[in-house]
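What the coordinates show
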Amino acid sequence: MAYENIRLEKDGGIAVLTIDRPKALNALNSKTFHEMDAALKTLGDDTRALIVTGGGDKAFVAGADIAEMVTITAAQAREFSALGHHVFQTLESLPIVTIAAVNGFALGGGCELAMACDLIYASEKAKLGLPEVTLGVIPGFGGTQRLTRLVGRSRAKELLFTADRIDAARAKEIGLVLDVVPADKLMEHCRTVAGKILKNGPLAVSQAKRVVEFGADQDLRAANELERQGFAVLFGSEDQREGMKAFLEKRPAQFTGK
Ligand code: CAA
């Protein structure tokens, strides 16, 4: 399928989704969201990891498209927010691992996009933040909630209230990004992490993601029950037999995802 504002490339189990509107620093408009939604639906069983990044050399994503939002009504804003939430929720719920390669500005909706991914790595030149209050609004694609869960209430409030644009090193310090990598090594780093994950049992990785995601917002007893169920379910898989037999036979496991 031909897209205007994004690119989706697949190579050996790893897909790369590039938000590609460099003239507007990859700002997210409705069309881009619809294209992202369509692209995520095309990911089949052959894709086991997704890297999300920004086109051009300046931005990951500089936010929701301000030109599209400037004159919209409250009802339209609700719809736009619902669209963003839907796409980011779809991304977050994928059964595969998602990695944000933050290659430049990740502001507002861009920072929210990164936070909807499982793992966030940033280039040394990345700048992150939630500047919505400078525009007289608040984040509308889950930023207030995902940021709070990632960095804690106090830091989240500080970033939300001040609209500070922080560099990658500071973002790592507060737990917003995992690691900071030289700009020209960022994609290679993300591919290496993805490659490491691809060697592991796909059902197990997917179950680990599911249990963390669903458990994180529950009390410990309920969350641990989810873990028990996830653990048990995997014993119905060929991959569990293969993984454990391979260990005992001192050979690498050949996982099939069954
Ligand atoms: N929406 C629409 N267009 C944007 C944009 C955005 N979020 N960010 C940048 N652009 C456009 C600029 O308007 C400019 O277009 P023109 O060349 O046609 O004038 C082009 O991209 C290049 O941007 P700048 O000239 O501003 O580039 P710069 O290097 O001087 O500054 C920047 C870079 C600091 C990222 C600056 O562009 C900026 O502050 N962008 C807006 C960041 C922001 O406020 N994001 C939050 C958006 S609101 C949101 O995301 C709400 C939500 O959660 C739903």
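Structural notes, computed from the coordinates. What you see is a predicted model, and the numbers here were worked out from it, not measured in a lab. (Residues numbered from 1 in each chain as written. Predicted model: local features only at pLDDT ≥ 70, side-chain atom pairs only at ≥ 80, totals over all residues. Heavy atoms only, no water.)

Looking now at the layout of surface pockets. Taken as a whole, the largest pocket holds about 930 Å³ of empty space. In this structure, the largest pocket is lined by 32 residues; those nearest its centre are Glu92, Met115, Asp118, Arg146 and Glu213. Going through the elements one at a time, helix H3 (74-92), strand E7 (119-123), helix H5 (143-151) and helix H9 (202-215) are the ones with two or more residues in the lining of the largest pocket. By residue number, the principal contributor to the lining of the largest pocket is H9, which donates 8 residues. Classifying every residue of the lining of the largest pocket gives 17 nonpolar, 7 polar and 8 charged. Two domains each put at least three residues into the lining of the largest pocket: domain 1 (6-198) and domain 2 (202-248). By volume, the second largest pocket amounts to about 640 Å³. Together, 30 residues line the second largest pocket, and Ala64, Met69, Glu132, Val137 and Ile138 are the ones closest to its centre. For the lining of the second largest pocket, the elements supplying multiple residues, two or more each, are helix H2 (66-69), H3, helix H4 (109-115) and H5. It is H3 that provides the largest number of residues to the lining of the second largest pocket, a total of 4 residues. Taken together, the residues of the lining of the second largest pocket sort by class into 17 nonpolar, 10 polar and 3 charged. (1 Å grid on protein atoms, 1.4 Å probe; cavity = no way out; pocket = protein on both sides within 12 Å on 5 of 7 lines; lining within 4 Å. Points joined across faces, edges and corners; volume = space filled by probe spheres on them. Helix = DSSP H or I, 4+ residues; strand = E, 2+ residues; numbered from the N terminus. Nonpolar A, V, L, I, M, F, W, Y, C, P; charged D, E, K, R; others polar. Domains from an automatic or database assignment.)

Contacts to the ligand come from 23 residues, most closely from Lys58, Ala64, Gly109, Glu112 and Glu132. Here Lys58 contributes a side-chain N or O atom positioned 2.7 Å from an oxygen atom of the ligand. One of the backbone nitrogen or oxygen atoms of Ala64 is found 2.9 Å away from an oxygen atom of the ligand. Of all the secondary-structure elements, those providing two or more residues to the shell around the ligand are H2, strand E6 (105-107) and H4. Here the residues of the shell around the ligand sort into 13 nonpolar, 4 polar and 6 charged. (Near = heavy atom within 4 Å. Polar contact = N/O pair within 3.5 Å; in protein donor to acceptor, adjacent residues only side chain to side chain.)

Right, let's talk about the sheet that holds strand E3 (residues 49-54) for a bit. Reading across from one edge, E1-E2-E3-E5-E7-E10 is the order of the 6 strands in this open sheet, with mixed pairing throughout. In this open sheet, the two strands that pair with only one neighbour each are strand E1 (6-11) and strand E10 (179-181). Averaged over all pairs of adjacent strands, the angle between their axes in this sheet comes to 20°, without regard to strand direction. (Pairing = 2+ DSSP bridges. Axes fitted to C-alpha atoms, helices over the stretch in contact; angles between N-to-C directions.)

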